[in-house]
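Summary of the model geometry
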Amino acid sequence: MKTDHQLGDLFYPERVAVIGATNRKESIGRALFENIFNDFEGEVVPINPNYDKVLGVKSYPDIDSVPEKIDLAIIVVPPRLVNNTLRQVGEEGIKNVVVITAGFGESGSKGVSRETELRKIADEYNLNLVGPNSLGLLSTSVKLNATFGPEKPLEGSVSFMSQSGALITAVLDWARDRGIGFHNIVSLGNKAVLDETDFLSAWENESGTSVIIAYLEGIEDGSEFISTARSTTKRKPVVMVKSGRTEAAARAVSSHTGTLAGSEQAYQAALKQAGVLRANNVETLFDFAEVLRKQPLPQNNEVGIVTNAGGPGIMATDALEGAGLSLASFSDETLMKLDSSLPNESSIYNPVDVLGDAGLDRYRKVILALIDDPQVGAIITISYPSAVLSYDELAKELVEVQKNREKPMVSCLMGGSRVKFAVDILQSGDIPNYFDPERAVKSLGALNRYRDIKEREYYPPETFSVNKTRALEILSQVETRKNNRLGVEAMDLLETYGISIPKGEIVEDPERATEVASNIEGKIVMKIVSPDILHKSDIGGVKVNVARDKIREEYEDLIVRARNYQPDATILGVQIQEMTDIDTGVETILGMNRDPQFGPVLMFGLGGIFVEVLEDVSFRIAPISESEVREMINDLKSSPLLRGARGKKPVNIDSLVETMQRFSQLVSDIPAVLELDINPLVVTPEEAKAIDLRLTVDEERLGYES
Ligand SMILES: Nc1ncnc2c1ncn2[C@@H]1O[C@H](COP(=O)(O)OP(=O)(O)O)[C@@H](O)[C@H]1O
Ligand SMILES: [Mg+2]
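Residues numbered from 1 in each chain as written. Chains lettered and ligands numbered in written order. Predicted model: local features only at pLDDT ≥ 70, side-chain atom pairs only at ≥ 80, totals over all residues. Heavy atoms only, no water.

Naming follows an unreviewed UniProt entry, where the protein chain appears as acetate--CoA ligase (ADP-forming) of candidate division MSBL1 archaeon SCGC-AAA259E22. Checking UniProt for the protein chain, the heading Catalytic activity (unreviewed entry) contains the comment "acetate + ATP + CoA = acetyl-CoA + ADP + phosphate". (UniProt positions renumbered as here; feature names shortened; annotations may be inferred.)

Structure follows, in structure tokens:
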């Protein structure tokens, strides 16, 4: 991405040069020139040494020969000529460039080095470069279609970036039918210079754009993206389809978190933190874009449903919960109004069933009652075709009722050709219509989520005072190891970041074991300490509540067990640890795995041995703020267990929250920590305590700061 976030007049040039424009039919150079030539409000200049004129317009042999100032250069020359051409463009002082030509990073090693060279040139001349391997860009306010696709979009306020050029052409035609208009569209191509983050920040401050939508296969710089999107999404909604898998980290994972935190989890967490609404498919992407552009945000999560049939009303009701919505309970006043205006057989409770013989009048009365009820946040009007109801009249009524009212409405006038004209009426009144009640509900769900995103306050993470130098020292013990793993012998690492651990010590002989145990007040736990033993309890390597006169005996037993398991295992000793009262607490897991795109992905869940089976875990990208930590905890289905279930006392959630913030700081501060699992982190009514630890270290990064 570019660092200055200044796209200038990339989308608003006055004069465009097409380098590689030709007269040759069915060539990209011609299609692109023709698209611009046909509609563009400004001037377009062809560059091609083989022609005097392209489509009747005077052509120049190279960019240097054009007497006027060019604001945007589009390059469609063969791959081997691109970089030279780009240099000429840079020399001319032109800042905005789109490279349409393919044959770069997407196509083998020669292409990769060509792209590296291209990036260097773009850097040298500080170019706003789109592509290479891009379909081009569109800017409807100046009637610029700088693509080689056949479609012209409607003018509107949705701006769209896509990593697939094909998808752009496909959706333009389709979006026109749905009355969705665009402001800017860009095909990102290989994202050699400008990427999704640049366009987010450009469109954030651009008055012509009200909704940003994106189709992405990957994100270039995860943390830049999150911090930019956090700000963009406060001002306008961003909806994204993210497809494709990112390459998993090349190293083998050896932690629970590593097993569970894949790139999908990282994306999910990042988009949530960034406030980006995620759509699972292109249809949903446009459903969300449409409703977000057209409808006001709801005041609350509660939905009023009016229908002339039971079935679709139930379908809508069923979909509410999954969309983060609920069925509104009406005010007494509303119930009275409904009671006096509906026949006895209808249901005046939500969903309101006006019955199959309902005409316009019944619908009108219900909708007017619901729109005036402050307990109703949004309204869905559902209807199946009936002989006593005109869809067109109902559509007009809905548009009329919503005028000047700040309450979102969507409709499901179900049908095919019968509904066509009504849909046009609804479209002109900005009310989205869906065949399927579930889609209507999901769209309202997106509106509702966006209200939360807009309202939420983001405070940067707290910084605790810690002993980082000591932490790095502790990690450096890995240098003398045959692998890059550390276990409980690195427990003190947690203490340097203020995370509480039980009293304890690692000892190398039974005498010392007895001595250490005598200094511990509570019950005693003993564990084998060996870098070759990943799961200590699997080999009987953890002994809880050891009788004080059995310490010597148990010491010997632990060593024997380790030897039996692996005769040449490195044994660092036996850990003598104070026992935590697990019965009053909850065993949780707190972990981190480093993602290639987003960096440290935090995982929190209920711990112990079932973590992989239950998979009740939540993810965030570190560093995280206190409120994000609390959200992360509340995301767990099992979070009520922490608040006291089945007669248990609630645990100290504040202590847990602080522990998680400190953990987040640790993994953000020290990039040498590749994976880190605290399992269990026991949270009791008193405090959160780390009982066991496992981590892997990147020795090469030990010397570096984050
Ligand atoms: N100090 C302790 N206090 C209470 N329970 C403990 C303690 N240490 C271990 N345990 C119990 O033993 C289990 C396994 O111990 P742990 O140190 O996590 O080893 P591992 O995960 O390698 O098997 C823990 O999940 C916990 O239930
Ligand atoms: Mg453990």
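So, next bit.
Re the coordination of the magnesium ion (ligand 2)
Only Asn-679 (O) and Asp-692 (OD) from the protein coordinate the magnesium ion (ligand 2), and they sit 2.2 to 2.3 Å from it. One end of the pair, Asn-679, is in strand E28 (residues 673–683); the other, Asp-692, is in the loop between strand E29 (688–690) and strand E30 (693–697), and 13 residues separate them in sequence. Across the pair, exposure class does not vary: Asn-679 and Asp-692 are buried alike. (Donors = N, O, S within 2.8 Å, 3.2 Å for Na, K, Ca; no water. Helix = DSSP H or I, 4+ residues; strand = E, 2+ residues; numbered from the N terminus. Buried < 20%, exposed > 50% of the residue type's maximum accessible area, 1.4 Å probe, protein only.)

Observations concerning the sheet that holds strand E11 (residues 182–187)
Here we have seven strands laid out as an open sheet, ordered E9-E8-E11-E10-E12-E13-E14, and mixed in their pairing. Both edges of this open sheet fall to strand E9 (144–147) and strand E14 (277–278), since each of them pairs with a single strand only. Its contacts with the sheet put helix H4 (residues 165–177) on strand E8 (136–139), strand E10 (155–162), E11 and strand E12 (211–216), and the angle it makes with E11 is roughly 155°. Packing against the sheet, helix H5 (residues 196–204) makes contact with E10, E11, E12 and strand E13 (238–242), and its axis sits at approximately 160° to E10. (Pairing = 2+ DSSP bridges. Contact = heavy atoms within 4.5 Å. Axes fitted to C-alpha atoms, helices over the stretch in contact; angles between N-to-C directions.)

Points about helix H2 (residues 79–91)
Within the span of H2, buried status applies to Val-82, Asn-83, Thr-85, Leu-86, Val-89 and Gly-90. In this structure, the buried side of H2 is in contact with strand E1 (15–19), strand E5 (72–75), strand E6 (96–99), helix H3 (108–124) and strand E7 (128–130). Gly-93, located one to two residues past H2, shows a positive phi value of around 80°.

Digging into the pairing of E1
Across the five residues that make up E1, a large majority, five, are buried. The alternating pattern of E1 places Arg-15, Ala-17 and Ile-19 and Val-16 and Val-18 on opposite faces, both of which are buried. Regarding topology, helix H1 (residues 28–39) serves as the crossover connection from E1 to the parallel strand E2 (residues 43–47), and that connection is right-handed. Pairing of E1 with E5, which is carried by four bridges, proceeds in the parallel orientation. Bridging across to E5, Val-18 finds its partner in Ile-74. (Right-handed = clockwise from strand over helix to strand, strands pointing away.)

Considerations on the layout of surface pockets
Size it by volume and the largest pocket reaches roughly 1300 Å³. What lines the largest pocket is a set of 36 residues, among which Gln-268, Lys-272, Arg-278, Arg-449 and Asp-635 lie closest to the centre. Within the residue set of the lining of the largest pocket, elements represented by two or more residues are helix H8 (263–274), E14, helix H9 (282–294), helix H10 (310–322), helix H15 (437–455) and strand E27 (617–621). Here the lining of the largest pocket gets seven residues from one element, more than from any other, and that element is H15. Residue composition of the lining of the largest pocket, grouped by class: 13 nonpolar, nine polar and 14 charged. Both domains that meet at the lining of the largest pocket, namely domain 2 (297–455) and domain 4 (583–705), each give it at least three residues. Taken as a whole, the second largest pocket encloses approximately 910 Å³ of empty space. Ser-537, Val-542, Asn-679, Pro-680 and Asp-692 are, among the 39 residues lining the second largest pocket, the residues nearest its centre. (1 Å grid on protein atoms, 1.4 Å probe; cavity = no way out; pocket = protein on both sides within 12 Å on 5 of 7 lines; lining within 4 Å. Points joined across faces, edges and corners; volume = space filled by probe spheres on them. Nonpolar A, V, L, I, M, F, W, Y, C, P; charged D, E, K, R; others polar. Domains from an automatic or database assignment.)

A word on the site of ligand 1
For ligand 1, the set of nearby residues contains 17 residues, the closest of which are Lys-527, Lys-536, Ser-537, Thr-580 and Glu-587. Contacts to ligand 1 include Lys-527, whose side-chain N or O atom sits 2.7 Å from an oxygen atom. Here an oxygen atom of ligand 1 and a side-chain polar atom of Glu-587 are 2.9 Å apart. Relative to its unbound accessible area of 530 Å², ligand 1 is 86% covered by the protein chains. One can see that ligand 1 is located within the second largest pocket. (Near = heavy atom within 4 Å. Polar contact = N/O pair within 3.5 Å; in protein donor to acceptor, adjacent residues only side chain to side chain. Areas by Shrake-Rupley, 256 points an atom, 1.4 Å probe, with all protein chains shown as cover. Sits in = over half its atoms within 2 Å of the grid points.)

Thoughts on the sheet that holds E7
Read from one edge to the other, the open sheet built from five strands follows the order E2-E1-E5-E6-E7, with strand pairing classed as parallel. Taken across any chain shown, the strands that pair with only one partner, and hence form the sheet edges, are E2 and E7. Strand-to-strand twist in this sheet, taken as the mean axis angle between neighbours without regard to direction, amounts to 20°. Across five bridges, the pairing between E1 and E2 is parallel. Paired with Ala-17 across the two strands is Val-45, which belongs to E2. Each of E1, E2 and E5 touches H1; the most contacted strand, E2, lies at about 160° to it.

Considering the packing of aromatic side chains
As enumerated under the stated definition, the model contains 10 aromatic pairs in all. Plain terms: the ring middles of Phe-182 and Phe-286 are 6.2 Å apart, the flat faces sit at 75° to each other, and that makes the pair edge-to-face. One end of the pair, Phe-182, is in strand E11; the other, Phe-286, is in helix H9, and 104 residues separate them in sequence. Note on accessibility: Phe-182 and Phe-286 belong to one class, buried. Ring geometry for Tyr-267 against Phe-598: centres 4.9 Å apart, planes inclined by 85°, an arrangement best described as edge-to-face. Here Tyr-267, found in helix H8, pairs with Phe-598, found in the loop between strand E25 (586–595) and strand E26 (599–606); they are 331 residues apart in sequence, far enough to count as distant. Neither residue differs from the other here; Tyr-267 and Phe-598 are each classed as buried. An aromatic cluster of at least three residues, connected via ring pairs, comprises Phe-11, Tyr-12, Phe-199 and Trp-203. Here Lys-58 stacks its cationic end above the ring of Tyr-60, 4.7 Å away from the centre of that ring. (Phe/Tyr/Trp six-rings, centres within 6.5 Å; stacked < 30°, edge-to-face > 60°. Lys NZ or Arg CZ within 6 Å of the ring centre and 35° of its normal.)

Observations concerning the environment of Ala-471
Structurally, Ala-471 can be placed in helix H16 (residues 468–475). A relative accessible area of 0% means that Ala-471 is categorised as buried. C-alpha of Ala-471 to C-alpha of Ala-490: the two residues are 19 residues apart in sequence and 9.2 Å apart in space. In contact with Ala-471, other than residues within four places in its own chain, are Leu-493, Thr-496, Tyr-497 and Ile-670.

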